[in-house]
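Inside the fold
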Amino acid sequence: MKTIVSYSLLLFFLSFFSTGCSEDKPEGTIFDPSDIKRNQFDLWLLDHYVNNYNIDLKYRIEDMEIDQSYNLVPATMDNSIKLAKLIKHLWLESYDEIAGIDFMRTYVPKVIHLIGSPAINAEQQTEVLGTAEGGLMVTLYKVNELNLNSIDSLNYYYFKTMHHEFAHILHQTKNYPKDFDKISTSDYSPSGWMNRKEEEALQMGFVSPYASSEPQEDFVEVIAIYLTHSNAYWEELLEKAGTEGSTIIQKKFTIVRNWLRTSWNIDIDKLRSTVERRSKEIQNLDYSLDQ
Ligand SMILES: [Zn+2]
């Protein structure tokens with residue numbers, strides 16, 4: 001099964017996802033890097049992505065892999081290089097640091113596809129922020145609007161998507177406790193979540209409106225939102241959720257935290273601190289292809 005999905009945004013800046021995420025499990029290598037005419041960036045990618053992580057980072061638009069219903073433009077080389085460096089520093093190496101060197105090399109999506117423009121669906125008045133095909137490929141849009149000066153926008157447009165999709169891979173590999181699904185059973189709404197506002201979702205015990213679409217989205221949204229925000233933000237989120245909502249969110253978070261520790265030997269607080277520390281380092285990263 002291959003379902004294109006994902007993070008969508010109403011054009012009027014309401015958080016919004018178009019469909020559910022795919023249930024496919026990760027597979028082995030599906031690309032052959034041997035027959036590409038390589039430029040300097042390709043050689044850097046070969047070294048740092050293919051050889052290190054077995055990831056094919058595609059920055060040219062390849063017709064076979066994009067949704068033809070959108071009018072898309074390619075990512076610029078310059079921004080693709082920057083984002084490749086950021087993904088490595090903020091995402092891949094954060095997990096390397098906390099979960100050990102083999103972890104990402106085993107579970108990471110095998111293809112990351114960068115697109116320059118947003119994907120606007122004029123009919124639905126939605127904008128897709130990212131898509132995932134099973135555990136195999138993640139597509140990030142709006143790469144040409146990359147803003148190195150705003151970690152919030154980097155998280156919003158790219159890294160929350162990466163953590164979200166990666167968390168799907170993890171729970172598809174090792175199930176999380178079924179108790180999680182029972183906490184909000186009667187409140188999930190696969191289509192009605194779109195009409196829920198942020199605050200309303202919080203008060204119902206969901207970390208985002210999309211989290212209220214179905215249990216697995218709820219589970220990975222807890223992880224993605226926790227990892228891409230500071231403790232102050234999380235505390236504020238709990239406050240907005242009120243007594244009832246915050247009790248539910250904390251119950252969910254406890255299951256998430258225990259599952260990451262027992263199934264993956266990952267301390268989510270250490271991982272978040274690492275992501276936070278690395279987020280501060282991005283201003284001083286070397287964005288050249290020299291290293
Ligand atoms: Zn999802």
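Above this note sits the structure.
Right, let's walk through the structure included here. Just so it is clear, the model here is predicted, and its values are computed rather than measured. Every chain begins its residue count from 1, and numbering advances along the sequence as written. Owing to the predicted nature of the model, reporting of local features is limited to residues with pLDDT of at least 70; listing and counting of side-chain atom pairs is limited to 80 or more, with chain, interface and lining totals taken over all residues. The side-chain numbers reported here are obtained from all heavy atoms of the structure, hydrogens and water having been left aside.

As for the overall build of the chain
Looking only at helices and strands, one finds nine helices and seven strands in the chain. Whether a residue is buried, partly exposed or exposed follows from its accessible area with a 1.4 Å probe, protein chains only, as a fraction of its type maximum: under 20%, in between, or over 50%, in that order. Looking at the 291 residues of the chain, the share that counts as buried comes to 55%. Across the chain, every contact between residues at least 6 apart in sequence was considered, and the portion connecting residues at least 24 apart equals 72%. Roughly 13100 Å² of accessible area belongs to the chain as shown, and the carbon and sulfur atoms make up 49% of that amount. Counting from the N terminus, the helices are DSSP H or I runs at least four residues long and the strands are E runs at least two residues long. Whether two residues touch is decided by their heavy atoms; if any such pair falls within 4.5 Å, the residues are in contact. Calculation of accessible area relied on Shrake-Rupley with a 1.4 Å probe; when residues are assessed, cover is drawn exclusively from the protein chains displayed.

A look at unusual backbone geometry
Located in the positive-phi region is Asn54, a residue other than glycine, with phi close to 60°. Secondary-structure assignment places Asn54 in the loop between helix H1 (40–53) and strand E3 (56–58). Take Asn54: its relative accessible area is 23%, and that puts it in the partly exposed class. The phi dihedral of Asn265 falls on the positive side, at around 55°, and the residue is not glycine. Take Asn265: it is sitting in the loop between helix H8 (231–264) and helix H9 (268–281).

Topic: the pairing of strand E6 (residues 126–133)
For E6, the tally of buried residues reaches eight of eight residues, placing the bulk of the element in the interior. Whether two strands pair depends on DSSP finding at least two bridges between them. Relative to E6, strand E5 (residues 119–121) runs antiparallel, the two sharing three bridges. The partner of Asn121 across the bridge, within E6, is Thr126. Two elements, E6 and strand E7 (residues 137–140), share four bridges in a ladder whose sense is antiparallel. Bridging from a neighbouring strand, Gly130 pairs with Leu140 of E7.

Focus: the environment of Val50
With respect to the secondary-structure elements, Val50 resides in helix H1. Taking the C-alpha atoms as reference, Val50 lies 9.2 Å from Lys110; in sequence the two are 60 residues apart.

Some details on the packing of aromatic side chains
The pairing test for Phe, Tyr and Trp rings, Trp by its six-membered ring, is centres within 6.5 Å, and the orientation test on the planes gives stacked under 30 degrees, edge-to-face over 60, and tilted for anything in between. Scanning the model with the defined rule gives 23 aromatic pairs in all. Consider the rings of Tyr95 and Phe166, whose centres lie 5.0 Å apart with planes at 75°: the pair is edge-to-face. Taken together, the residues Tyr95 in helix H2 (residues 77–99) and Phe166 in helix H4 (residues 151–173) connect sequence positions 71 residues apart. The class of Tyr95 is buried, set by a relative accessible area of 3%. Phe166 gets classed as buried once you look at its relative accessible area, which sits at 0%. The rings of Trp91, Tyr95, Phe103, Tyr107, Phe166, Tyr176, Phe180, Phe219, Trp259 and Trp264 are connected pair by pair, giving a single aromatic cluster. Directly above the ring of Tyr53 sits Arg105, whose terminal nitrogen or CZ lies 4.3 Å from the centroid. Comment: the charge-over-ring label is applied if NZ (Lys) or CZ (Arg) is within 6 Å of the ring centre and within 35 degrees of the ring normal.

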